[in-house]
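What follows is the residue order along each chain.
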Amino acid sequence: MLTGYRKWSIIFLLPSCLFLIFAYVYPMVYSFIMSFFSYSMLIPGAKPVFTGINNYLSIFNNLAFLNSLRITFIFSIVAIFFQFIIGLFLALAMSANLRITGVFRVFMFIPLMIAPVVVGILWRNLYHASYGVINFFISFLGIPPQTWLGSATQALPAVIVVEIWQQLPVFAFILAAGIASIPTELNKAALVDGCGRMRIFWHITLPLLKPAIIVAFLLRIIDTLRMFDIVYTMTQGGPGTATKFLSLHIYEKGLRFFDIGAAAAQSWFFLIIVLLIEIYFIRLILSRGTAR
Amino acid sequence: MFGLTKSTVEKVLLYIICTIVIIVVVFPLYWLIITSLKYDIDSYIYPPQFFPVNITFKNYIDILFLAQEGNLVKYFLNSLIITTSTIFLSLLFGSMAAYSLSKHYLSIMFRRMMLAFVLVIRIFPPITTAIPYYIILSKFRLVDTHIGLIISHVSFSLPFTIWLMIGFFQSLPAEIEKAATIDGCNFWQRFIRIVIPLSLPGLAVTAIFGFLYSWNEFMLASILTSENAKTLPVVIAGFISDKYLFWGKMTALGVLMTMPVIIFSSFAQRNIVKGLTFGAVKE
Amino acid sequence: MANLVLKNITKKFGKIVAVNNFSFTVNDAEFVTLVGPSGCGKSTTLNIIAGLEDPTEGEIYIDNIFSNNIPPSKRDIAMVFQSYALYPHMRVRENIGFGLKIRRFDKKEIQKRVAETADFLGIGNLLDRKPAELSGGQRQRVALGRAIVRKPKLFLLDEPLSNLDAKLRTQMRADLKILFSDLKGSVVYVTHDQLEAMTMSDILVVMNDGIIQQIGSSDEVYDHPGNLFVAGFIGSPIMNFVNVKIERGVIYSDGIEMALTKQQLDKIATYGYKKEYILGIRSENVNISKSESKIRFEVEVVEDAGAEYIVHLKNGKNRITLISEKDISPRRGEGLNLQFDVNKTHLFDIDTEVAIY
């Protein structure tokens with residue numbers, strides 16, 4: 001009778017598998033093959049020419065690509081670092097259970113609800129060099145108006161701030177959930193044992209939060225590395241290439257210049273880097289056995 | 001700060017911090033709304049107008065009925081069709097797959113492999129598949145069709161749905177399913193009559209995230225559609241031109257896009273955290 | 001109603017053997033209880049009978065039909081679970097009628113049967129409630145209703161009383177017994193509670209580590225336990241065990257010197273002599289003797305169990321308990337002369353733990 005269930009189990013998996021094969025496996029196989037060809041769709045009637053691993057080799061002396069790689073990683077690391085610090089602080093504040101923390105929880109979700117393209121436009125307005133609200137605010141601190149998105153040095157930090165603003169709730173709520181799952185007896189026991197607040201934080205809260213922190217890092221790394229929508233409407237990669245993240249770079253390579261072979265090789269290169277990082281984190285999660 | 005009693009100083013401090021954070025978090029949304037209610041001319045002045053002097057609905061009327069960019073109602077419908085189809089299909093197929101993987105009828109090796117596959121797909125940066133997928137769609141003549149974008153959105157939400165729903169299914173009491181089996185249900189009947197009704201909270205959360213994703217998704221929509229199946233995020237991005245920024249229209253459309261999400265998700269505030277963690281942290 | 005035959009059922013989970021070479025028969029309208037400590041394989045056996053799990057080896061016959069390949073839904077059995085497993089999203093009415101609905105019974109027929117069943121169980125007034133609105137006892141009855149309504153060949157009950165509080169449990173024990181004897185149903189009942197097993201069943205199947213230890217009526221299992229495990233598992237307080245030597249028809253141990261009967265000595269002779277044995281005697285068969293006796297123990301502690309005292313005694317390595325009337329009051333440290341009812345003693349092989357008599 002189990003064979004009947006086995007048949008049903010396979011049938012249940014089938015639709016999802018078909019979708020994933022059509023939208024992921026097939027494109028990735030296609031892209032893998034194309035990564036060994038030189039193929040520009042811009043030239044009518046052009047045929048793909050086999051060039052071996054040429055596309056991969058040229059990645060290493062493609063300054064634009066390497067620049068994008070560098071920007072993407074700086075963006076990811078800095079944004080996640082601040083999200084973690086501020087998120088942890090907010091999570092602790094939320095666990096205080098005052099009346100305001102209830103209100104707080106409701107409002108914290110708002111940035112997540114706004115479409116990234118809208119966020120990009122909105123902040124573009126806030127950052128505007130001549131009539132932006134941010135310049136208005138900093139004028140109270142005696143800081144002269146800045147060009148922000150128009151400046152090669154300020155554009156990336158400006159985008160990072162927006163990313164922190166929009167995705168902060170992720171860290172805050174994951175960590176708050178983690179804190180909520182720590183039995184209060186532990187804190188009480190530690191207090192009875194004469195531990196101060198700081199010691200409780202370092203020796204109880206933080207170690208027990210580790211699994212939640214790792215999960216949050218994993219999810220944020222996935223999302224920050226693929227950053228696209230916000231910059232597309234906010235800076236379109238500019239000024240120059242100051243905010244040209246990898247996704248944007250590959251997008252232009254493939255769909256503006258239609259250099260399909262090179263875009264495919266860069267995609268695979270990008271994917272493998274991402275996979276290596278993520279596998280590291282997933283193994284960390286699995287080895288702790290605390291999360292599924 | 002640790003669920004223990006606090007002194008008044010701490011409480012006051014917490015109130016102050018929370019208030020500041022709330023202002024920082026909410027102000028941009030406020031700015032979005034008031035900008036959409038201003039004439040463009042009022043958006044270009046310095047110092048900025050924090051409380052609009054001349055309130056107008058002109059921007060809304062413009063984008064809804066008089067837009068040069070084409071019929072916005074059509075794009076609104078496109079977004080609606082694509083989002084609802086995405087939610088429906090990914091919930092149906094995703095929870096079916098999740099149910100299959102949460103039971104022990106298939107070998108553990110196979111199930112582990114499937115889960116790893118699903119996880120890896122969750123990790124893919126979408127740009128890596130978007131370009132080859134676009135080329136494939138164009139071979140099937142599916143570029144700029146609802147179906148083409150729906151398939152891609154469903155595939156994107158599936159890993160998320162599957163992981164989240166496995167968690168929900170595993171938390172169902174095993175004896176209820178046994179009882180259903182004894183009562184005569186086959187696999188499908190057990191799934192649709194017992195398991196699904198009992199997993200409605202889980203499905204609701206997954207639906208909200210599906211909505212959030214598909215409704216706001218821009219990159220794939222911009223690559224895979226041009227006119228017939230164009231969605232709202234693509235329309236908004238299209239307002240950006242080098243010469244002139246139509247703040248009023250862009251923000252009005254932004255408000256129209258954001259409101260349904262906020263309303264829709266306010267129904268399940270509490271459960272959203274589960275979704276945020278990809279089902280990985282148990283509350 | 002029907003009979004059930006299990007032949008040489010074995011169930012392995014990987015290398016773990018959950019049920020080992022299990023055979024027994026449930027006759028028509030018989031109440032059979034599988035009893036044993038948790039993890040002994042009794043629930044697995046029940047799942048195998050239900051078809052929720054496949055046996056690794058062995059054959060199942062329900063109503064004389066070979067049933068290994070018949071899915072649970074077609075075996076025409078009903079099951080009551082420890083958690084009751086009511087469908088929380090359905091009203092009581094739909095819970096009871098669900099099995100009939102899935103089997104495509106006519107709507108009127110379903111209505112009629114649900115009403116009958118509910119009246120029979122005294123829950124007719126609860127039909128429009130959801131399970132969450134019911135008390136433990138009421139849920140229990142709905143779960144029973146769901147089983148009864150289909151008039152199945154066989155009832156399987158998996159620890160149905162262990163989620164109830166003590167008072168209700170005693171009440172339901174009696175109710176269930178009456179219910180199934182009225183229905184003339186064949187029942188396989190699983191419990192870890194030996195008292196429940198003793199009071200309710202026609203036949204007990206005592207299990208441990210996936211192996212049947214003994215099959216028999218309550219009296220047989222209680223008065224003639226087949227081995228040390230059954231002797232120790234059935235009955236409360238637990239049977240007293242002491243290691244003894246036998247010389248010339250007399251049992252010796254710390255504080256014990258007791259002559260055996262001729263019959264008992266014959267059985268030992270047939271079984272073969274050993275260096276040491278284990279003697280078992282139930283607390284109620286140990287009596288306080290007014291006169292000098294060759295069995296002397298010292299009082300360790302006295303438990304007041306309300307109707308009687310449970311007296312814990314000690315001599316050297318040996319510790320035993322006895323049940324005494326409350327008209328005497330033994331004090332701690334006091335030495336007592338005892339008498340064992342020699343006909344009610346049990347002797348076990350110290351190595352194989354098999355009962356010698």
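Use the structure listed above.
Only a predicted model underlies this, so the values are computations on that prediction, with no experimental measurement involved. (Residues numbered from 1 in each chain as written. Chains lettered and ligands numbered in written order. Predicted model: local features only at pLDDT ≥ 70, side-chain atom pairs only at ≥ 80, totals over all residues. Heavy atoms only, no water.)

*Asks:* Before we go on, may I ask you to explain the sheet that holds strand 20 (residues 346-349) of chain C in this structure?
*Replies:* Strand pairing in a sheet takes place through backbone hydrogen bonds and is either antiparallel or parallel in direction. All names here are of chain C. Within the open sheet, the five strands sit side by side as 13-12-11-14-20. Their pairing is antiparallel. Two strands bound the open sheet, and with one partner strand each, they are strand 13 (256-259) and strand 20. The average undirected angle you get between the axes of adjacent strands in this sheet is 35 degrees. Alignment of strand 14 (residues 277-281) against strand 20, held across four bridges, turns out to be antiparallel. Of the residues in strand 20, the one forming a bridge with Ile-278 is Phe-348. (Pairing = 2+ DSSP bridges. Helix = DSSP H or I, 4+ residues; strand = E, 2+ residues; numbered from the N terminus. Axes fitted to C-alpha atoms, helices over the stretch in contact; angles between N-to-C directions.)

*Asks:* Just checking my understanding: could you explain the side chain of Asp-349 of chain C for this structure?
*Replies:* Residue and element names in this part refer to chain C. By secondary structure assignment, the location of Asp-349 is in strand 20. Accessibility expressed as a relative area gives 3% for Asp-349, which makes it buried. If we skip the residues at most four places from it in the chain, Asp-349 touches Tyr-271, Lys-274, Val-354 and Ile-356. (Buried < 20%, exposed > 50% of the residue type's maximum accessible area, 1.4 Å probe, protein only. Contact = heavy atoms within 4.5 Å.)

*Asks:* I'm lost on the packing of aromatic side chains in this one. Help?
*Replies:* The geometry of an aromatic ring pair comes down to the distance between the two centres and the angle between the two planes. Across all of its chains, the model carries 60 aromatic pairs over all chains by this definition. Here the aromatic rings of Phe-32 of chain A and Trp-268 of chain A are separated by 5.2 Å at their centres, their planes lie at 70 degrees, and the arrangement is edge-to-face. Here Phe-32 of chain A, found in helix 1 (residues 2-34), pairs with Trp-268 of chain A, found in helix 13 (residues 260-288); they are 236 residues apart in sequence, far enough to count as distant. Between Phe-156 of chain B and Tyr-213 of chain B, the aromatic rings sit 4.8 Å apart at their centres with planes inclined by 10 degrees, giving stacked as the arrangement. Of this pair, Phe-156 of chain B sits in helix 7 (residues 146-170) while Tyr-213 of chain B sits in helix 10 (residues 200-216), and the two are 57 residues apart along the sequence. For the pair Phe-156 of chain B and Tyr-213 of chain B, one class covers both residues: buried. Stacked on the ring of Tyr-5 of chain A, the Lys or Arg Arg-190 of chain B has its end atom at 5.3 Å from the ring centre. Residue placement shows Arg-282 of chain C over the ring face of Tyr-222 of chain C; its charged tip is 3.9 Å from the ring centre. (Phe/Tyr/Trp six-rings, centres within 6.5 Å; stacked < 30°, edge-to-face > 60°. Lys NZ or Arg CZ within 6 Å of the ring centre and 35° of its normal.)

*Asks:* What is the right way to read the pattern of salt bridges from this model?
*Replies:* Any two side chains of opposite charge can pair if their charged atoms end up close together. Tallying each qualifying case throughout the model produces 21 salt bridges over all chains. Residue Arg-190 of chain B pairs with Glu-177 of chain B through a salt bridge whose shortest N-O separation is 3.6 Å. Separated by 13 residues along the polypeptide, Arg-190 of chain B in helix 9 (residues 187-198) and Glu-177 of chain B in helix 8 (residues 174-182) bring together distant segments of the chain. Residues Lys-262 of chain C and Asp-266 of chain C are paired through a salt bridge, measuring 3.1 Å at the closest nitrogen-oxygen approach. (Salt bridge = Lys/Arg side-chain N within 4 Å of Asp/Glu carboxyl O.)

*Asks:* Teacher, can you tell me more about the interface of chain A and chain B here?
*Replies:* Often, the extent of an interface is quoted as the loss of accessible area upon association of its parts. Taken together, the 106 residues of chain A in the interface contact 109 residues of chain B. Together, the buried faces of chain A and chain B total about 10100 Å²; carbon and sulfur atoms form 79% of this surface. Connecting chain A to chain B are zero salt bridges. When residues of the side of chain A that touches chain B are assigned to their parent elements, the largest contribution, 23 residues, is made by helix 1 of chain A. The residue inventory of the side of chain A that touches chain B, partitioned by class, reads 76 nonpolar, 19 polar and eleven charged. (Buried area = accessible area lost by both parts, 1.4 Å probe. Nonpolar A, V, L, I, M, F, W, Y, C, P; charged D, E, K, R; others polar.)

*Asks:* Got a minute to help me understand the packing of helix 4 (residues 136-148) of chain C against helix 5 (residues 166-183) of chain C in this structure?
*Replies:* How two helices sit against one another is set out by the angle between their axes and by the gap between those axes. All names here are of chain C. For the pair helix 4 and helix 5, interaxial distance at closest approach is 12 Å and the crossing angle is 15 degrees. Here helix 4 is positioned roughly parallel relative to helix 5, judged by the angle of their axes. The handedness of the crossing between helix 4 and helix 5 comes out as right-handed. The segment helix 4 lies against helix 5, with Gly-137, Gln-140, Arg-141, Leu-144 and Ile-148 engaging Leu-168, Met-172, Asp-175, Leu-176, Leu-179, Phe-180 and Leu-183. (Parallel < 35°, antiparallel > 145°, perpendicular 65-115°, else oblique. Left-handed = near helix turned anticlockwise from the far one by under 90°.)

*Asks:* Got a minute to help me understand the side chain of Ser-102 of chain B in this structure?
*Replies:* Mapped onto the fold, Ser-102 of chain B is located in helix 4 (residues 72-102). Not counting residues within four places of it along the chain, the set of residues in contact with Ser-102 of chain B comprises Ile-166, Phe-169 and Gln-170 of chain B.

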